[in-house]
Amino acid sequence: MSEGVKIIKVIDSHTAGEPTRVVVSGAPDNPGATPTEWREFLRNEHDWLRTAMACEPRGHEAAVGALLCEPTQSDCVAGVVFFNNVGYLHGCLHGTIGVTVTLAHLGRLNEGDNKIETPTGIVTVREPEDGWVSVRNVRSWCHAAAVSVEVPDWGTVQGDVAWGGNWFFLIEAGDAIKVDFSNLDQLTDFTCAVRRALEANSITGENGGEIDHIEVFGPPANEEADSKNFVLCPGLAYDRSPCGTGTSAKLACLHAADKLQPGQVWRQAGILDTIFEGTVEEAPKGGVFPTVRGRAFVTAEAQMIVHPDDPFAHGIVHSK
């Protein structure tokens, strides 16, 4: 092996169609760091790991990366930091489901509940059953309902601002736009325009939190689901899954509007018609603790070679 070559071991999976790449070895050392500290350590000192794993030529715009790190709390089985082609995520439930099947693949899960540390807090998972994983998410809530914004070429658009592990703007499509895989270009144009309008009008989440996910809902394709969504992610790619943090935000909004009771199942289809099932528990400080259930499969084990002479060793990087 040439001098200076780095070997990064990864395990790839997909959750309801959305890929996750878990880095299991080869990352820089940062002993004793929490996931939040890990995220800042990577962002400030070793962002090359993110760009090398999530950007072309090894990655692509839809890939979400996850770095496994040692937990700092004794009752947790792992810590994790999520990232994509443009930056770092607060949380990621499809990624957590992917991490769970990866931990099971590695033989690192216990029977019953398993806790995982994330930058947004601790989430709880159970060992997969035929690939199905349930994740009890962090507290989620509707921050502001029926917020209107003027969107150039689209007129007035109304939506809810909610936290489900990331900040979302949730829009009921109505007759304005068709939520269907055949309509990806228009859905992308629309949600990109909404995101720009939110930024231009300084519409944010709590404490100025950037609304970096836009979620549009329409009727489901069949009776297997209650709703179908399209989710624009921070890298301006669409979520192939129904989006776990987006489903959590939706559940929080439904509960806030008295349309979903604790224990009642909501079946959220994504743009590929794969389904996440969600339920809520009421949180003592308001909002809910959502539990989201989805199915994932490990698809590959690989060693990524980062060669110092490769002009794209750290990926082909595009600005956000």
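Look up a bit, the structure's there.
Residues numbered from 1 in each chain as written. Predicted model: local features only at pLDDT ≥ 70, side-chain atom pairs only at ≥ 80, totals over all residues. Heavy atoms only, no water.

Undergrad: Just give me the short version of the pairing of strand E14 (residues 275–282), but keep the residues and values in it.
TA: Examined bridge by bridge, strand E13 (residues 266–269) and E14 share 4 bridges and lie antiparallel to one another. Bridge assignment links Trp266 to a residue of E14, and that residue is Gly278. In this antiparallel pair of consecutive strands, E13 and E14, the connection spans 5 residues, and Asp273 shows a positive phi of 70°. The sheet contact formed by E14 and strand E15 (residues 288–306) spans 6 bridges and is antiparallel. By the bridge assignment for E15, Glu281 is matched with Phe289. Remark: 5 residues form the turn of the hairpin made by E14 and E15, two consecutive strands paired antiparallel; Gly286 in that turn has positive phi of roughly 95°. (Pairing = 2+ DSSP bridges. Helix = DSSP H or I, 4+ residues; strand = E, 2+ residues; numbered from the N terminus.)

Undergrad: Could you give an account of the packing of aromatic side chains, with specific residues and numbers?
TA: For the structure on display, the rule yields 7 aromatic pairs. In textbook terms, an aromatic cluster arises when at least three aromatic residues are bridged by ring pairs, as seen for Trp141, Trp163 and Trp167. For the cation-ring pair, Lys250 lies above Phe217, with the distance from its terminal atom to the ring centre recorded as 4.1 Å. (Phe/Tyr/Trp six-rings, centres within 6.5 Å; stacked < 30°, edge-to-face > 60°. Lys NZ or Arg CZ within 6 Å of the ring centre and 35° of its normal.)

Undergrad: Account for the pattern of salt bridges, with residues named and values stated.
TA: Counted according to the given criterion, the structure contains 15 salt bridges. Two residues, Asp130 and Arg295, come together in a salt bridge whose shortest N-O distance is 2.8 Å. Of this pair, Asp130 sits in the loop between strand E6 (121–126) and strand E7 (132–136) while Arg295 sits in strand E15, and the two are 165 residues apart along the sequence. Owing to a relative accessible area of 28%, Arg295 belongs among the partly exposed residues under this scheme. The closest approach of N and O atoms between Asp273 and Lys228, which form a salt bridge, is 3.1 Å. With Asp273 in the loop between E13 and E14 and Lys228 in strand E12 (residues 227–232), this pair connects stretches of sequence that are 45 residues apart. Judged by relative accessible area, which is 35%, Asp273 ranks as partly exposed. The exposure class assigned to Lys228 is buried, which follows from its relative accessible area of 3%. Look at the salt bridges and you will find they share partners, linking Arg39, Glu40 and Arg43 into a network. (Salt bridge = Lys/Arg side-chain N within 4 Å of Asp/Glu carboxyl O. Buried < 20%, exposed > 50% of the residue type's maximum accessible area, 1.4 Å probe, protein only.)

Undergrad: Can you tell me about the environment of Ser2, naming the residues and giving the values?
TA: Here Ser2 shows up in the segment before strand E1 (6–15). The spacing of Ser2 and Glu111 is 109 residues in sequence and 43 Å in space, taken between C-alpha atoms.

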